[in-house]
Amino acid sequence: MAEGQDSSAEKSEEPTAKRLQKSREEGQIPRSKELNTMAILIGGAAGLLMFGDHLGMALKSVMQHSFSFPREVIFDIRQMGLFLGHSFVEVAWALAPFLGVLLVASIVGPISLGGWLFSAKALAPKFSRLNPVEGIKRMFALKSLVELLKSIAKVTVVVTVALLMLNAYTAELLGVGNEPVVPAMGHAVNILAWIVFWLACSMVVIAVVDVPFQIYDHNKKLKMTKQEVKDEYKDTEGKPEVKQKVRQLQMEMAQRRMMQDVPKADVVITNPTHFSIALKYDGDTMVAPVVLAKGGDEIALKIREIAKEHNVEIVQAPPLARSIYYNAEVGDEIPSGLYVAVAQILAYIFQLRRFRAGANPKPQMPDFPIPDDLKHD
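- Under the annotation held in an unreviewed UniProt entry, the protein carries the name Flagellar biosynthetic protein FlhB and is attributed to Alkalimarinus sediminis.
- According to UniProt, the comment filed for the protein under the heading Function (unreviewed entry) is "Required for formation of the rod structure in the basal body of the flagellar apparatus. Together with FliI and FliH, may constitute the export apparatus of flagellin."
- In UniProt, the protein has this text filed under Sequence similarities (unreviewed entry): "Belongs to the type III secretion exporter family."

Okay, structure coming up:
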């Protein structure tokens, strides 16, 4: 018994759609810091490669403008402020494309895993994080071990790539010192951009490992026990006993409406004990006779009782009663294969009423023809 309870408490079931939606509303989606870092670094390196020359020229212009001015400007505070404002605007325009690339990278990185999400619940403070016991548990959790291994791996990979880059660009870096100032600035920016680019590419190795782990860890947290799945199903679909009660009430209401239509019937065809079917036909409004009510056993008995109370004709025709019962629902027209048999029933009732009024001799019960495909034993 204990083993069964343990297995039921184990989180072995995949999260349901409702659980995933609730998790998303609370801001719990897989995120990878390494993926974000990689995107920003690669975006920054790409920005330097694309706009490095432009930045170098802007820096040259600012320096020329800042160090070449008339002597009287030094003693005019207003002019110095204008010079500073001009330099600030020029630097801002030069940096704008580069910062735009970084902005796009900082957005693409997070939404590439988990999609776009803003949740106020994720911003709310969680006082449970202040619990020292839980903090110690997190320190020795699997995720903390993975974070430690990632940090070691990052340092190792980045330092290795950095040393390789320094070794590869040593000659160029030393040569920059022998170049004129303006070309040296552009050359230095270009070397820096390529070094940053290769360092960013080294983060791809860490991100490739981290992203699957974050997805696995997120799904593991959301997994459910079998009991949780059952409870959620009950909350979503309703408890079985409640649903059964609702269905019972619906059936009772439908039966009451059906019984209210029995007095409007032209005839009730019976089995005679197991089935009863109430039919109505109005040649002006109906194409074929319609089933007003039907039922078996106790309901069949109730239909016959109501029919007697309201002087509705009751005809015993077991084969026809079974055929209509199994081939037509309440509110439906009778099958076309039974038109002749029901027409004979209605004609028989008309003749019977005239006999009771003394206008006709007593009619004989006709033989109702039923197609083989509509017969039911």
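Having seen it, we continue.
1. Notes on the UniProt feature "transmembrane region" (unreviewed entry) in the protein
Here comes step 1: Under the local residue numbering, the UniProt record ascribes the feature "transmembrane region" (unreviewed entry) to residues 38–59, 102–124, 145–171 and 191–216.
Here comes step 2: Secondary structure over residues 38–59 splits into 100% helix and 0% strand, and the C-alpha atoms at its two ends are 27 Å apart.
Here comes step 3: In residues 145–171, helix accounts for 100% and strand for 0%; the two terminal C-alpha atoms are 41 Å from one another.

2. Some words on the confidence of the model for the protein
Here comes step 1: Taken as a whole, the protein shows an average pLDDT of 78; of its residues, 84% reach a score of 70 or greater.
Here comes step 2: Taken together, the stretch residues 1–8 has pLDDT below 50 and engages in three contacts with residues farther than four places along the chain or on a different chain.

3. Concerning helix 3 (residues 33–67)
Here comes step 1: Over its 35 residues, helix 3 runs only 43 Å from end to end, short of the ideal 51 Å by more than 12%, given 1.5 Å per residue.
Here comes step 2: When the local axis directions of helix 3 are compared, the greatest deviation, roughly 65 degrees, occurs at phenylalanine 51.

4. Details of the nonpolar core
Here comes step 1: If you look at the biggest cluster of nonpolar residues, it comprises 23 residues, and the most contacted ones within it are Ile269, Leu279, Leu320, Ile324 and Ile345.
Here comes step 2: Taken together, the elements giving at least two residues each to this core come down to strand 1 (267–270), strand 2 (275–280), helix 13 (318–327) and helix 14 (339–356).
Here comes step 3: Ranked by residues supplied to this core, first place goes to helix 14 with six residues.
Here comes step 4: Leave out the neighbours within four places in its chain, and isoleucine 269 touches Phe275, Ser276, Ile277, Leu279, Val315, Ala317, Leu320, Ala321, Ile324 and Ile345.
Here comes step 5: One finds Met258, Met259, Ala293 and Ala307 within the second-largest nonpolar core, a separate group that totals twelve residues.

5. Looking at the packing of aromatic side chains
Any pair of aromatic rings gets described here by the distance separating the centres and the angle formed by the planes.
Here comes step 1: Evaluation of the coordinates by the stated rule reveals six aromatic pairs.
Here comes step 2: Taking 5.8 Å as the distance between ring centres and 75 degrees as the angle between the ring planes, the aromatic pair formed by phenylalanine 275 and tyrosine 326 counts as edge-to-face. Of the two residues, phenylalanine 275 sits in strand 2 while tyrosine 326 sits in helix 13, which places them 51 residues apart along the sequence.
Here comes step 3: Between tyrosine 325 and tyrosine 326, the ring centres sit 5.2 Å apart and the planes meet at 85 degrees, which makes this aromatic pair edge-to-face.
Here comes step 4: Pairwise contacts between aromatic rings join Trp194, Phe197 and Trp198 into one cluster.
Here comes step 5: The ring of tyrosine 325 has lysine 294 lying over it, and the distance from NZ or CZ to the ring centre is 4.7 Å.

6. Thoughts on the packing of helix 3 against helix 5 (residues 77–111)
Here comes step 1: Across the interface, helix 3 lies against helix 5 with an axial gap of 8 Å and an inter-helix angle of 170 degrees. Relative to helix 5, the element helix 3 lies roughly antiparallel.
Here comes step 2: Along the lines of polarity and charge, the residues of the contact of helix 3 with helix 5 split into 20 nonpolar, twelve polar and one charged.

Procedures and definitions
- Sequence positions are assigned chain by chain, starting from 1 and proceeding in written order.
- For this predicted model, a pLDDT threshold of at least 70 governs which residues receive local features, and a threshold of 80 or more governs which side-chain atom pairs are given and counted, while totals over whole chains, interfaces and linings are taken from all residues.
- For the side-chain quantities, the full set of heavy atoms in the structure was used; hydrogens and water were omitted.
- UniProt positions are given in the numbering used here, feature names are shortened, and annotations may be inferred rather than shown by experiment.
- Note on conventions: DSSP H or I runs of at least 4 residues are helices, E runs of at least 2 residues are strands, and numbering of each starts at the N terminus.
- Summary of the metric used: pLDDT quantifies the predictor's per-residue confidence within the range 0 to 100.
- Residue contacts are defined here by distance: any two heavy atoms, one from each residue, within 4.5 Å place the two residues in contact.
- Multiplying 1.5 Å by the helix residue count minus one yields the expected span of that helix.
- Bend, at a single residue, is the angle you get between axes fitted to the 7 residues ending at that residue and the 7 residues starting at it.
- Definition used in this section: a nonpolar core is a set of buried Ala, Val, Leu, Ile, Met, Phe, Trp, Tyr and Cys residues joined via side-chain atoms within 4.5 Å.
- Note on classification: 1.4 Å probe, protein chains only; a residue is buried when its accessible area is under 20% of the maximum for its type, exposed when over 50%, partly exposed between these limits.
- The aromatic pairing rule takes the rings of Phe, Tyr and Trp, using the six-membered ring of Trp, and pairs them if the centres are within 6.5 Å, calling planes under 30 degrees apart stacked, those over 60 edge-to-face and the rest tilted.
- Here, over-ring charges are defined by two tests on the NZ atom of lysine or the CZ atom of arginine: distance to the ring centre within 6 Å, and angle to the ring normal within 35 degrees.
- Angular values range over 0 to 180 degrees, each being the angle between N-to-C directions of two axes fitted as lines to C-alpha atoms, with helices fitted over their stretch in contact.
- Here the angle decides the label: under 35 degrees means roughly parallel, over 145 means roughly antiparallel, 65 to 115 means roughly perpendicular, and every other value means oblique.
- Charged residues are taken to be Asp, Glu, Lys and Arg, nonpolar residues to be Ala, Val, Leu, Ile, Met, Phe, Trp, Tyr, Cys and Pro, and polar residues to be all remaining types, Gly included.

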